[in-house]
Amino acid sequence: MQLYDIAGLSYAQIAKNVDITEVAARANVSRGRRHLTDLLRPDLPEEKGDS
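Now for a look at the structure at hand. (Residues numbered from 1 in each chain as written. Predicted model: local features only at pLDDT ≥ 70, side-chain atom pairs only at ≥ 80, totals over all residues. Heavy atoms only, no water.)

## Comments concerning the overall build of the protein
Along the protein, the regular secondary structure elements total 3 helices and 0 strands. Ordering the α and β elements of the protein from the N terminus gives α-α-α. Over its C-alpha trace the protein gives a radius of gyration of 14 Å, far above what one expects of a compact globule, namely 10 Å for 51 residues. Viewed in the frame of its principal axes, the protein has a C-alpha envelope of about 45 × 20 × 15 Å. Relative to its full complement of 51 residues, the protein shows a buried share of 10%. Summed over its atoms, the accessible surface of the protein is roughly 4,400 Å², and 53% of this surface lies on carbon and sulfur atoms. Averaged over its 7 positive side-chain charges, the protein has a centre that lies 6 Å from the centre of its 8 negative ones. (Helix = DSSP H or I, 4+ residues; strand = E, 2+ residues; numbered from the N terminus. Rg over C-alpha atoms; globule rule 2.2 N^0.38 Å. Buried < 20%, exposed > 50% of the residue type's maximum accessible area, 1.4 Å probe, protein only. Areas by Shrake-Rupley, 256 points an atom, 1.4 Å probe, with all protein chains shown as cover. Lys, Arg positive; Asp, Glu negative; His and termini not counted. Charge placed at Lys NZ, Arg CZ, Asp CG, Glu CD.)

Laid out in structure tokens, this is it:
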């Protein structure tokens, strides 16, 4: 996630740098975002329309 969102690398660049497939790079970024969201969720304000 850091390589994509912070360093600005493409999925193809990440895959090449860490020797994984581009599909795996996409999955890892997605998994990282989901994990970060789960960690931050208690501190996030509720979205409009949530009960």
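## Overview of the pattern of salt bridges
According to the stated counting rule, one finds 3 salt bridges in the structure shown. Among the ionic pairs, E22 bridges to R26, the shortest N-O distance being 3.6 Å. Here the residue E22 and the residue R26 both occupy positions in helix 3 (residues 22-40), the gap between them amounting to 4 residues, near one helical turn. The class of E22 is partly exposed, set by a relative accessible area of 36%. For D38, the salt bridge goes to R41, with nearest N and O atoms at 3.1 Å. Residue D38 is classed as partly exposed on the basis of its relative accessible area of 44%. (Salt bridge = Lys/Arg side-chain N within 4 Å of Asp/Glu carboxyl O.)

## What to know about a nonpolar patch on the surface
On the surface, a cluster of nonpolar side chains totalling about 330 Å² of accessible area is made up of M1, L36, L39 and L40. Note that L39 resides in helix 3. (Patch = residues over 30% accessible without salt bridge, like charges linked within 9 Å, V, L, I, M, F, W, Y side chains within 5 Å.)

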